[in-house]
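One-letter residues, chain by chain:
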Amino acid sequence: MIPELSNPSVCMRDPQRVEEILQSMVKAGSNTVQVIADFDMTLTRFAYKGKRCPTCHNILDNSNLISNECREELKVLLDTYYPIEIDSARSIAEKLPLMVEWWTKAHKILVQQKIRKDRLAMAVRDSDAMLREGYQLLFDHLQEHSIPLLIFSAGIGDILEEVIRQAGVFHSNVKVFSNYMDFDESGLLKAFKGELIHIYNKREGALLNTGHFQELRTRPNVLLLGDSLGDLTMADGVQDMENILKIGFLNDKVEERKQSYLDSYDIVLVQDETLEVPNAIMLHLTGNK
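So, how was this worked out
- Residues numbered from 1 in each chain as written.
- Predicted model: local features only at pLDDT ≥ 70, side-chain atom pairs only at ≥ 80, totals over all residues.
- Heavy atoms only, no water.
- UniProt positions renumbered as here; feature names shortened; annotations may be inferred.
- Pairing = 2+ DSSP bridges.
- Helix = DSSP H or I, 4+ residues; strand = E, 2+ residues; numbered from the N terminus.
- Buried < 20%, exposed > 50% of the residue type's maximum accessible area, 1.4 Å probe, protein only.
- Contact = heavy atoms within 4.5 Å.
- Salt bridge = Lys/Arg side-chain N within 4 Å of Asp/Glu carboxyl O.

Under an unreviewed UniProt entry, the protein chain has the name 5'-nucleotidase and belongs to Pogonophryne albipinna. For the record of the protein chain, the UniProt heading Function (unreviewed entry) holds the text "Specifically hydrolyzes 7-methylguanosine monophosphate (m(7)GMP) to 7-methylguanosine and inorganic phosphate. The specific activity for m(7)GMP may protect cells against undesired salvage of m(7)GMP and its incorporation into nucleic acids. Also has weak activity for CMP. UMP and purine nucleotides are poor substrates."

And the structure:
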């Protein structure tokens with residue numbers, strides 16, 4: 001077993017099963033592996049020194065690209081819908097229309113702000129957004145071994161890309177599926193492109209992009225990283241899947257959500273702000289003990 005799996009932050013319902021999946025993936029070889037990850041609070045930190053870190057949407061909320069009035073409206077939406085998103089007593093079917101409602105309203109409010117494309121980089125630079133400790137190793141090692149990293153995010157693609165670009169890890173093996181802004185000729189935000197991706201429809205996102213998964217048919221072994229139960233369907237577009245190892249970051253409301261995470265993820269990382277465990281697994285899969 002990988003030593004990092006005995007870290008105090010690691011919980012597993014069935015360590016034996018994890019061991020079997022890992023053995024099977026090692027045997028198949030790292031050229032059959034792809035990594036599918038959520039972004040906000042999975043690849044990025046949930047908190048730093050006791051303070052919450054911003055998500056892609058928060059980076060905009062906290063920037064001077066939007067008015068105070070807009071910030072207030074977005075805050076009201078957050079206070080209304082976030083408790084619903086993490087309410088373990090509600091079914092996903094019940095949450096679904098409400099999540100769509102939330103993001104649709106939020107995007108509408110943002111479009112009214114006439115946000116300028118050329119100012120997004122500055123908003124990211126001025127923000128407290130941070131990738132998790134160990135990100136450099138994860139991104140660089142995947143690139144080095146030509147392992148695709150697919151990021152599915154309900155956030156804002158333009159901002160997400162800027163975060164990884166500024167961290168110096170936006171390599172050619174990284175592909176992002178997210179909500180992208182649509183700018184007019186003068187560089188002002190006029191709409192959001194395509195279908196809305198939110199926390200509970202990543203499966204549709206995955207299935208809509210089966211063309212992309214088609215290219216990855218020779219990679220039937222998946223390492224999945226997420227921080228919500230909605231992230232579990234991100235790999236549903238992968239055909240002929242052989243093995244999937246699901247790693248979940250349990251950042252918040254630990255006691256009330258722990259059981260549902262243990263039932264759904266193979267490995268649950270409790271309030272762990274690092275990528276130490278995913279990195280150890282990846283090094284194991286690529287034969288770098």
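## Quick notes on the sheet that holds strand β11 (residues 267-270)
One open sheet holds the seven strands; their spatial order is β1-β11-β10-β9-β2-β5-β6, and the pairing between them is mixed. At either margin of the open sheet sits one strand with a lone partner, and together these are β1 (10-11) and β6 (174-179). As paired strands, strand β2 (residues 33-37) and strand β5 (residues 149-156) are joined by three bridges and run parallel to one another. Across the sheet, Val-35 pairs through a bridge with Leu-149, a residue of β5.

## Details of helix α6 (residues 135-144)
Of all the residues in α6, the buried ones are Leu-138, Phe-139, His-141 and Leu-142. Those residues of α6 hidden inside the fold are in contact with β2, β5, α7 (157-166), β6 and α11 (276-285). Downstream of α6 by one or two residues, Ser-146 has phi in the positive range, about 50°.

## Let's talk about the pattern of salt bridges
A full pass over the atoms with the stated rule returns eleven salt bridges. The salt bridge partner of Arg-45 is Glu-133, with a shortest N-O separation of 4.0 Å. Of this pair, Arg-45 sits in the loop between β2 and β3 (47-48) while Glu-133 sits in the loop between α5 (120-125) and α6, and the two are 88 residues apart along the sequence. Ionic pairing is found between Asp-128 and Lys-51, a salt bridge with its closest N-O pair at 3.0 Å. Here the residue Asp-128 occupies a position in the loop between α5 and α6, and Lys-51 occupies one in strand β4 (residues 51-52), the gap between them amounting to 77 residues.

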